[in-house]
Amino acid sequence: MVADRILTLDDGTDLKWDWRSPMTNVEAINSLQQLTLLLDNVQTSERAGIWEWVSGSTGEFTVKAVKRLLYSDYEAVNSFIMDWCHWIPAKCNIHAWRMEIDKIPTEEALRKRNIQLEDSLCPLCRSDDETTEHLFISCFISSTVWNGVSLWCKIPNIFAFSIKDLLECHTV
Ligand SMILES: [Zn+2]
């Protein structure tokens, strides 16, 4: 037990080791020195050890507390508000919105949900993983399509480095 290794003395703590073999490896000796430094200010108590969730206000682990922790940064970062276009079908707007929040079922997204796939390469170019960014921005097939769209609309070439750039290119 940890308490067996950390002895509390009147003038601090002392560490009591019980190695099975002598420590000769330099890397292990360095690790032990770092551990000793970390344990320098550790104090043990007679109280039984408990697991404590430090991010929660009560110290109790709950799924709600984990969810709050995970989404705390996400909500602050994703402040992009997509312009809703009224002269295209709603499904196109929804698709664009899902692109921006990275909720397109690409092979990478499916793999994250433990759906087994043969590989995660882009089926169009086979040169990179199929992600939303790759599929709509960096894939040379999509670049060709965007160039065709810009020629057809008689507008300057569309240069986008992110989905947000693509959704905002009509404002430039
Ligand atoms: Zn591709």
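Residues numbered from 1 in each chain as written. Predicted model: local features only at pLDDT ≥ 70, side-chain atom pairs only at ≥ 80, totals over all residues.

### Looking at the overall build of the protein chain
- Each helix and strand counted, the protein chain has eight helices and two strands in total.
- With the principal axes as the frame, the protein chain shows a C-alpha extent of 85 × 40 × 35 Å.
- Across the 172 residues that make up the protein chain, the buried fraction comes to 8%.
- In the protein chain, of all internal contacts separated by at least 6 residues, the share reaching a separation of at least 24 is 34%. (Helix = DSSP H or I, 4+ residues; strand = E, 2+ residues; numbered from the N terminus. Buried ≥ 20, exposed ≤ 12 C-beta atoms within 10 Å, placed from the backbone. Contact = placed C-beta atoms within 7 Å.)

### Describing the nonpolar core
- Core analysis: the biggest nonpolar cluster contains eight residues, these being Met99, Cys122, Leu135, Phe136, Ile137, Cys139, Ile163 and Leu166.
- Those elements that place two or more of their residues in this core are α6 (132-138) and α8 (163-168).
- Sorting elements by how many residues they give to this core places α6 first, with three residues.
- Once residues within four sequence positions are removed from consideration, Ile137 is found in contact with Ser142, Ala160, Phe161, Ser162, Ile163 and Leu166. (Core = buried A, V, L, I, M, F, W, Y, C linked by C-beta atoms within 7 Å.)

### Points about helix α7 (residues 140-153)
- A rise of 1.5 Å per residue sets the reference length of α7, with its 14 residues, at 20 Å; its end C-alpha atoms lie 20 Å apart and thus fit the reference within 8%.
- Summarising burial for α7: zero of the 14 residues are buried, a small minority.
- Of the residues flanking the end of α7, it is Lys154, one or two places downstream, whose phi is positive at about 55°. (Expected span 1.5 Å × (residues − 1).)

### Description of unusual backbone geometry
- Non-glycine residue Asp102 carries a positive phi angle of around 60°.
- Following the sequence through the fold, Asp102 ends up in the loop between α4 (90-100) and α5 (107-112).
- Judged by C-beta crowding, with 14 C-beta atoms within 10 Å, Asp102 ranks as partly exposed.
- Positive phi is not limited to glycine here, since Lys154 has a value of about 55°.
- Looking at the secondary structure, you find Lys154 in the loop between α7 and α8.

### With respect to the pairing of strand β1 (residues 6-9)
- In terms of strand pairing, β1 meets strand β2 (residues 12-15) through four bridges, oriented antiparallel. Within β2, the residue paired with Ile6 across the bridge is Leu15. (Pairing = 2+ DSSP bridges.)

### Details of the environment of Trp87
- Relative to the elements of secondary structure, Trp87 occurs in the loop between α3 (63-77) and α4.
- Considered as a pair, Trp87 and Gln116 are 29 residues apart in the sequence and their alpha carbons are 39 Å apart.

### Describing the environment of Asp83
- Within the fold, Asp83 resides in the loop between α3 and α4.
- Assessed through the 11 C-beta atoms surrounding it within 10 Å, Asp83 is described here as exposed.
- Taking the C-alpha atoms as reference, Asp83 lies 8.8 Å from Asn93; in sequence the two are 10 residues apart.

### Overview of the environment of Thr144
- Relative to the assigned elements, Thr144 resides in helix α7.
- Take Thr144: there are 11 C-beta atoms within 10 Å of it, and that puts it in the exposed class.

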